[in-house]
Amino acid sequence: MKSSVILSILCLICGLVRAGDPQPGADTQKQKPNVLIILADDLGYGDVRCYNPDLGKIPTPHIDKLASQGMLFTDAHTSSGVCSPTRYALLTGRYHWRSRLQRGIVGYLEEPLIAPDRMTLASLLKQHGYRTGAIGKWHLGWDFQLTGAERKMLNSYGGKAGGGGKVTAEATDADRAAWRAIYSRQLGGGPLAAGFDSYFGTDVPNWPPYCFIENNRTVGIPGELLPAEALRKNQASLQGPALAGWKLEAVLPALTERACAFIDDAVKKPEPFFLYLPLTAPHTPIAVTEEWRGKSGLNDYADFVMQTDAAVGRVLEALERSGAAEKTLVIFTSDNGCAPYAGAKELEAKGHFPSGPLRGYKADAWEGGHRVPYSVRCPGTIKPATPCGALVPQTDLMASPAKTRG
């Protein structure tokens, strides 16, 4: 891809990054907005109250407020009804089927999906002088540099307790020795290879390793197996290496804190920032903290949606507190529709419809699988409370040469 590739959402909406811009200097840097993309995980079109006032029972005041401060798109679509394809398409501007991913998602321990020379939003903005960071769920593959024996061992521990595979009782000394070797290595092919200056997250929160990853290393060396009780009732999906005392409930709060800290630090730097914040929620593990448990009066998933909304609110509050809100383009969206196994029918029986008026859910070809919430705030450029019914694909966040030619 050529250097003339532009970020279309900045070019067409903000008009601040253009093809042929000179190398960034102090003056040009001041003109460029910060960019914050918040990507919820498995949040249905009807889970956000402003999209579903009649068939929605879950309060989402922070996401609603963000939508009211900018443009609310009502016909926005992902590249697919599941996770990895959307992330690939959003970050590269290409349909996922132009990669090796012809169906489904990037599986456990699979190689990176983004080719080393592929331009991404992060590498593009980095060319224009941005500081780039990713915090949250990656799910686009890593290079763990595994031997055949190591790969076989990591796949041997079983699936969900009570169904879907035998769960191993406890780790052996041989397991721990292998884990020390595996997780002492640098991880290749992740966010740093895709143009991000920094990364913090859990890759896939319901899959091993059950620890955080910072940049290209795990934070600590897992030394035990995730307990079997953590694989029940829409929690983790695969057993595997975990840090001692790992709590699924702690993941979303940690990502929220890191995002706030990134913003606080970034505003002190001379260059504009790009923060890609792919949240792990309300996807499984539906690990609701004590503060939010039971708050919705509906079910655990609805509680987790409320907690997710609060996390978005915390990040936006940090942006406001930093003084950078007026010069930051904020995009909020989801990677696909609500997962039906999270209790969709139970919710509908109680009057909440996760897909709103749409048919289908996550993984469906019907619109409930891929039509998603999508709102954009750009103070001084986008008039508040502006609805837009135009068809909007997430692939167009970044325009490729083919798109810009015509």
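Every chain is numbered on its own, with residues counted from 1 as its sequence reads. pLDDT decides what is reported in this predicted model: residues at 70 or higher carry local features, side-chain atom pairs at 80 or more are listed and counted, and totals for whole chains, interfaces and linings draw on all residues regardless. Hydrogens and waters are ignored; side-chain quantities use all the structure's heavy atoms.

Examining the overall build of the protein chain
(1) Moving on: Strands here are runs of E lasting at least two residues and helices are runs of H or I lasting at least four, both read from the DSSP assignment and numbered beginning at the N terminus. Helix and strand content of the protein chain: 12 helices and 12 strands.
(2) Moving on: When a residue's accessible area, from a 1.4 Å probe over protein chains only, is under 20% of the maximum for its type it is buried; when over 50% it is exposed; and in between it is partly exposed. Every one of the 406 residues in the protein chain was classed for burial, and the buried ones make up 59%.
(3) Moving on: Contacts are assigned to residue pairs that have any heavy atoms within 4.5 Å of one another. Long-range pairs, those at least 24 residues apart, make up 75% of the contacts in the protein chain between residues at least 6 apart in sequence.
(4) Moving on: For the accessible areas, the method is Shrake-Rupley and the probe is 1.4 Å, while residue cover comes only from the protein chains on display. By element, 53% of the accessible surface of the protein chain is carried by carbon and sulfur atoms, the whole surface being about 16300 Å².

Remarks on the layout of surface pockets
A probe matching the size of a water molecule, rolled over the atoms, marks out where space remains unfilled.
(1) Moving on: Using only the protein atoms, space was sampled on a 1 Å grid; points where a 1.4 Å probe fits but cannot get out form cavities, open sets with protein on both sides within 12 Å along at least five of seven lines form pockets, and lining residues are those with an atom within 4 Å of a point. Grid points are joined across faces, edges and corners, and a volume is the space filled by probe spheres set on the points. Computed from the structure, the largest pocket encloses a volume of approximately 340 Å³.
(2) Moving on: Forming the boundary of the largest pocket are 19 residues, of which Glu-229, Ala-230, Gln-235, Leu-248 and Glu-249 lie nearest the centre.

Some words on the side chain of His-283
(1) Moving on: By the element assignment, His-283 lies in the loop between strand S9 (273-278) and helix H9 (300-322).
(2) Moving on: On the accessibility criterion, His-283 (6% relative accessible area) is buried.
(3) Moving on: Definition of a polar contact: a pair of N or O atoms within 3.5 Å, with one able to donate and the other able to accept a hydrogen when the atoms are protein atoms, and with sequence-neighbouring residues admitted only if both atoms are side-chain atoms. A distance of 3.2 Å separates the side chain of His-283 from the side chain of Thr-284, its partner in a polar contact.
(4) Moving on: Excluding residues that lie within four positions of it along the chain, His-283 makes contacts with Asp-41, Asp-42, Lys-137, Asn-206, Phe-304 and Lys-362.

A word on helix H4 (residues 83-92)
(1) Moving on: Along H4, 10 of the 10 residues are buried, which leaves the element largely enclosed by surrounding structure.
(2) Moving on: Where H4 is concerned, the buried positions are Cys-83, Ser-84, Pro-85, Thr-86, Arg-87, Tyr-88, Ala-89, Leu-90, Leu-91 and Thr-92.
(3) Moving on: Buried-residue contacts for H4 involve strand S1 (34-40), helix H5 (121-127) and S9.
(4) Moving on: Positioned one or two residues after H4, Gly-93 has a phi angle of 75 degrees, which is positive.

Section: unusual backbone geometry
(1) Moving on: Here the amide bond leading from Pro-208 into Pro-209 is cis, since omega sits at 0 degrees, within 30 degrees of zero.
(2) Moving on: If you trace the backbone, Pro-209 turns up in the loop between strand S4 (198-201) and strand S5 (213-214).
(3) Moving on: Across the junction of Ala-281 and Pro-282, the peptide omega takes the value 5 degrees, indicating a cis bond.
(4) Moving on: You can see Pro-282 is positioned in the loop between S9 and H9.

Some details on empty space enclosed by the protein
(1) Moving on: Considering all chains together, one arrives at 2 cavities of 30 Å³ or more under this definition.
(2) Moving on: The calculated volume of the largest cavity comes to roughly 100 Å³.
(3) Moving on: Contributing to the lining of the largest cavity are 15 residues, with Gly-107, Leu-109, Trp-142, Phe-144 and Asp-203 lying nearest its centre.
(4) Moving on: Any residue outside Ala, Val, Leu, Ile, Met, Phe, Trp, Tyr, Cys, Pro, Asp, Glu, Lys and Arg is labelled polar, Gly included; the first ten of those are nonpolar and the last four are charged. Its residues assigned to classes, the lining of the largest cavity comprises 10 nonpolar, 3 polar and 2 charged.
(5) Moving on: Roughly 60 Å³ of volume is contained in the second largest cavity.
(6) Moving on: Lining the second largest cavity we find Pro-205, Leu-248, Glu-249, Val-251, Leu-252, Pro-253, Thr-280, Pro-285, Ala-287 and Phe-304.

Description of the environment of Asp-173
(1) Moving on: Its location among the elements puts Asp-173 in helix H7 (residues 173-183).
(2) Moving on: Asp-173 sits in the exposed class, given a relative accessible area of 62%.
(3) Moving on: Taking C-alpha positions, Asp-173 is 9.5 Å from Gly-223, a pair spaced 50 residues apart along the chain.

Notes on the packing of aromatic side chains
(1) Moving on: Pairing of aromatic rings covers Phe, Tyr and Trp, the last counted by its six-membered ring, and requires centre-to-centre distances within 6.5 Å; plane angles under 30 degrees mean stacked, over 60 mean edge-to-face, and any other angle means tilted. A complete count under the given rule lists 12 aromatic pairs for this structure.
(2) Moving on: Aromatic pair Tyr-108 and Trp-207: ring centres 6.2 Å apart, planes at 65 degrees, arrangement edge-to-face. Placement of Tyr-108 in the loop between H4 and H5 and of Trp-207 in the loop between S4 and S5 is noted, with a sequence separation of 99 residues between them. Each member of the pair, Tyr-108 as well as Trp-207, carries the same accessibility label: buried.
(3) Moving on: Aromatic ring contacts, followed pair by pair, group Trp-138, Phe-196, Phe-274 and Tyr-276 into a single cluster.
(4) Moving on: Positioned above the aromatic ring of Tyr-45 is the side chain of Arg-371, whose terminal nitrogen or guanidinium carbon lies 5.2 Å from the ring centre. Whether a charge lies above a ring is judged from NZ of Lys or CZ of Arg, which has to be within 6 Å of the ring centre and within 35 degrees of the ring normal.

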